Amino acid sequence: MSAYLKQDEPDNANRLDNMRQGVLGTDASRIEGLLKVTGTAPYAAEYQLDDCLEGVLVTATISKGEVTAIDADSVLSMPGVVTVIDDPALIARPAQGTAGEAPEQPARKIGYFGQPIALVVAETFEQARDAAKHLSVSYREDDDAAFDPEAVEAETKDGATSQGDLAHAMKVAAASVDQTYRTEGHSSAAMEPHAAIAQWDGDTLTVYASLQMLNYNISELADSLGLDEDKVRLVSRYVGGGFGSKLGISEETVAASVAAMKLERPVRVAMLRQQVLQCIMRRSETRQRFRLAAGEDGKLTGFGHEARVSNLPGERFAEPVLQSSHFLYAGENRELSMEVARIHRMTAGSVRAPGEAVGMPALECAMDVLAEKCGVDPVELRLRNIPDRHPANGTPFSSHKLAECLKQGAEAFGWDSGQRSPRHTREGEWWVGTGMASAARVHNVGEAKARVTLKADGTTLVETDMTDIGTGTYTILAQTVGEMLGLPVDKVLVELGDTRHPRGPGSGGSWGAASICSAAYLACLALRETLAKRANASEENLELKDGAVVGGASLVNLLDGKDLAEEGHYEPGDIEDDFTAAGFGAFFARVRVNRFTGETRVEHMTGAFGFGRVLNTKTARSQCLGGMTWSIGAALTEAMLFDPVDGHLANCDLAEYHVPVNRDVPDLDVLFVEERDGAASPIQAKGIGELGMCGGAGAIANAIYNACGARVFEFPMTPDRVLTAMPD
Ligand code: MOS
């Protein structure tokens, strides 16, 4: 028996609402926390396999052209070297979003500097690394590589919106803004570098890898190797961050597999930090023009957002910066469009909150300019422009807490809604000011399966190939099952990250929690049906507590010596066409800007977020803290810097690619505006992970202006840019 739900209707009378266990929605600590802090949770590269060889990738030193020869003999006599793999499969990795299709990239063609071209395998890591440096590679280099996204023709991307007459609205508007912003590329730079160990037993390939979406990665890997999926097993129990960079498989996973199959010995390939930055997908830089037309009261009559992003030729992904612009603010005259420039930097793909992470800060800066032009308080300006429905397609919002987030956030932060003018406060060398921004991020869900087993020995087991990328998936699954079955969290064992288990949705796009917990919820409903029958009760009235029916038999007795397992299968249905679903929120920031150096320090930030049912207040808050921290990086320091002559990434380590460190991050306040969204998912939760960075950099930028009077139109707002824009 199993429980299947294709969601076509909002689920507004959810069983979880009747539960009184106090297990879900608490601040329960991570159930795998002890393993992590004691260093005993195995990450991909840490599995100990006998006879394991070490592989190091060799990467291209040209940006466009072809590898004409790889001279394996140049390294084969070096100490410990076993082989050089230059199998075309190694570089024929499927592009993002093309699972199940044949790899497109022709073998040995080079599209970007740093592209993996070969693998050197040796007995030790040091031997492999040394040999990789000495491998002789010949190239034929093309001289038509394009590196500047502004200097090439761009392709128009589908999905543009054109409604009414924006040009006319701009002409007759009482206040208008026409402003272009630029953001530079970001790297996911997850703490755990990409790594894999592959083992081939002559029939089946087992790969320990660091991946976000096993249900999809297994097809990608099987395709790359020409194997049937049932001959591949992926294991990814712990993942040290992904942020989109591990949604798809990368070269280390394919290369380790190719080598293990050829050598019939286990092979480990861990990317070097520099390789992670050079080879793994980037967030595209963006150019975004906003046209905002408003009446004297600040109500928008026109809204325009035109963007240019970039990617390699042939790649389908385009940083979806318009995503929340489609519905965040009203305005009947609308123009939204996007174009993609084809350049030779590494693949552009999903990096934490693709789209809104850079679209929202730019939009919120333009809104700040509008607020000033209209003389309307920035919070009030947003409140006046919240639409009742999706302003273009007219669908209702599944739930919408933007107004509450703006109000409660402003109050918690101590927002001064009085007259705003820059340079109102100076403390010594420092100008001090405040700024705010809305947050928005589309809500996603994905098909998900999870099996829940009540075992005759009294334990309860949850199994799915879902991953926990540091977000808290283990814990919220234990909580969901605990709540439904009347069990404390420590009585529920959760096994994740193994393709032998039922297929989960993977972790990404903030869809993980709502999707997989809905599958576990369905499995528990089915278990409750059976238990109710055995206890001569109805499922609705079945009360379970501490491993027993309240006032009745224990679960173990009801099992009668036999395990009871149910699989929950959740599939998003047509409901996605009926509602616009998104998480909303508000950011408030106080910064100080040095009047001589242009250095910005964030002093305080408050984030207020509405994203449906909160499954765990501690892990949800941590997601918000992480997002707000990334907002600080996006606002002030993070930028991938490419050499304009040969296109190579110049800052490919964490010494040069500047993520915020402790000294950069002040106390951050996080506020939840809880809501139940029965259309968003069966458990009434929406996505949480990415919302915390969708606009935050805009609040910091607006605070910089309020502090020192510098309107900067480029992210990150480094001291040189702030100083240049600072009035005398
Ligand atoms: Mo998401 S782009 O997988 O953080």
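Heads up: the structure comes first, above all this text.
Note that the structure is a prediction, hence the values are computed from the model and not measured. (Residues numbered from 1 in each chain as written. Predicted model: local features only at pLDDT ≥ 70, side-chain atom pairs only at ≥ 80, totals over all residues. Heavy atoms only, no water.)

Helix and strand content of the chain: 18 helices and 31 strands. The C-alpha radius of gyration of the chain comes to 26 Å, within 12% of the 27 Å expected for a compact globule of 728 residues. Of the contacts made within the chain by residues no fewer than 6 positions apart, 83% connect residues no fewer than 24 positions apart. Surface summary for the chain: the accessible area is close to 26,700 Å², and the carbon and sulfur share equals 46%. When the 68 positive and 104 negative side-chain charges of the chain are each reduced to one mean point, those points stand 3 Å apart. (Helix = DSSP H or I, 4+ residues; strand = E, 2+ residues; numbered from the N terminus. Rg over C-alpha atoms; globule rule 2.2 N^0.38 Å. Contact = heavy atoms within 4.5 Å. Areas by Shrake-Rupley, 256 points an atom, 1.4 Å probe, with all protein chains shown as cover. Lys, Arg positive; Asp, Glu negative; His and termini not counted. Charge placed at Lys NZ, Arg CZ, Asp CG, Glu CD.)

Our next topic: the nonpolar core. Proteins that are soluble and globular tend to have nonpolar side chains buried together. The biggest cluster of nonpolar side chains holds 92 residues, and the ones touching the most others in it are Leu370, Met605, Phe609, Ile700, Ile704 and Val722. Per-element accounting of this core gives the leading share, 12 residues, to helix α9 (residues 356-374). In this structure, Val452, Cys517, Leu542 and Leu555 belong to the second largest nonpolar core, which totals 51 residues. (Core = buried A, V, L, I, M, F, W, Y, C linked by side-chain atoms within 4.5 Å. Buried < 20%, exposed > 50% of the residue type's maximum accessible area, 1.4 Å probe, protein only.)

Another aspect to go through is unusual backbone geometry. A cis amide bond links Phe715 with the next residue in sequence, Pro716, at an omega value of -5°. Positionally, Pro716 belongs in the loop between β31 (714-715) and α18 (719-725). With a phi close to 45°, Ala189 is a non-glycine residue in the positive phi region. On the secondary structure map, Ala189 appears in the loop between β11 (186-187) and β12 (195-200). Ala189 sits in the buried class, given a relative accessible area of 14%. The phi dihedral of Glu264 falls on the positive side, at around 55°, and the residue is not glycine. Inspection of the secondary structure assignment puts Glu264 in the loop between α7 (251-263) and β15 (267-270).

Another aspect to go through is the sheet that holds strand β14 (residues 232-235). What links the strands of a sheet is backbone hydrogen bonding, and the strands pair in either a parallel or an antiparallel sense. Pairing within the open sheet is mixed, and its 7 strands lie in the order β4-β6-β2-β15-β12-β13-β14. The sheet is open, and its two borders are formed by β4 (81-85) and β14, each paired with just one other strand. Averaged over all adjacent pairs, the angle separating strand axes in this sheet is 20°, with direction ignored. Against the sheet, helix α4 (residues 125-134) touches β2 (53-59), β4 and β6 (116-122), its axis set at about 25° to β2. (Pairing = 2+ DSSP bridges. Axes fitted to C-alpha atoms, helices over the stretch in contact; angles between N-to-C directions.)

Taken as a whole, this structure holds 15 aromatic pairs when the rule is applied. Between the aromatic rings of Phe609 and Phe611, the centroid separation amounts to 6.2 Å while the plane-to-plane angle is 15°, which identifies the pairing as stacked. The same class applies to Phe609 as to Phe611, namely buried. On the basis of an interplanar angle of 55° and a centroid distance of 5.6 Å, the ring pair of Phe611 and Phe672 is categorised as tilted. (Phe/Tyr/Trp six-rings, centres within 6.5 Å; stacked < 30°, edge-to-face > 60°.)

The next thing to look at is helix α13 (residues 512-534). Counted at 1.5 Å a residue, the expected span for α13 with its 23 residues is 33 Å, and the 33 Å between its end C-alpha atoms agrees. Burial within α13 is extensive, with 19 of its 23 residues counted as buried. Looking at the residues trailing α13, positive phi occurs at Asn536, about 55°. (Expected span 1.5 Å × (residues − 1).)

What the 5 strands build is an open sheet, ordered β20-β21-β28-β29-β30; its pairing is mixed. Looking at which strands have only one partner, the edges of the open sheet turn out to be β20 (425-427) and β30 (668-672). Across the sheet, the mean angle separating the axes of adjacent strands is 25° when strand polarity is ignored. Both strand β29 (residues 600-610) and β30 contribute to a ladder of 5 bridges, which runs parallel. Its bridge partner being in β30, Ala608 is matched across the sheet by Leu671. Contacts between helix α16 (residues 617-636) and the sheet are confined to β28 (582-594), β29 and β30, with β30 contributing the most and set at about 130° to the helix. In the packing of helix α17 (residues 696-708) onto the sheet, the strands contacted are β21 (430-442), β28 and β29, and the crossing angle to β21 comes to about 155°.

Moving on: the environment of Thr600. Within the secondary structure layout, Thr600 lies in strand β29. It is 9.7 Å that separates the C-alpha atoms of Thr600 and Ala701, two residues lying 101 residues apart in sequence.

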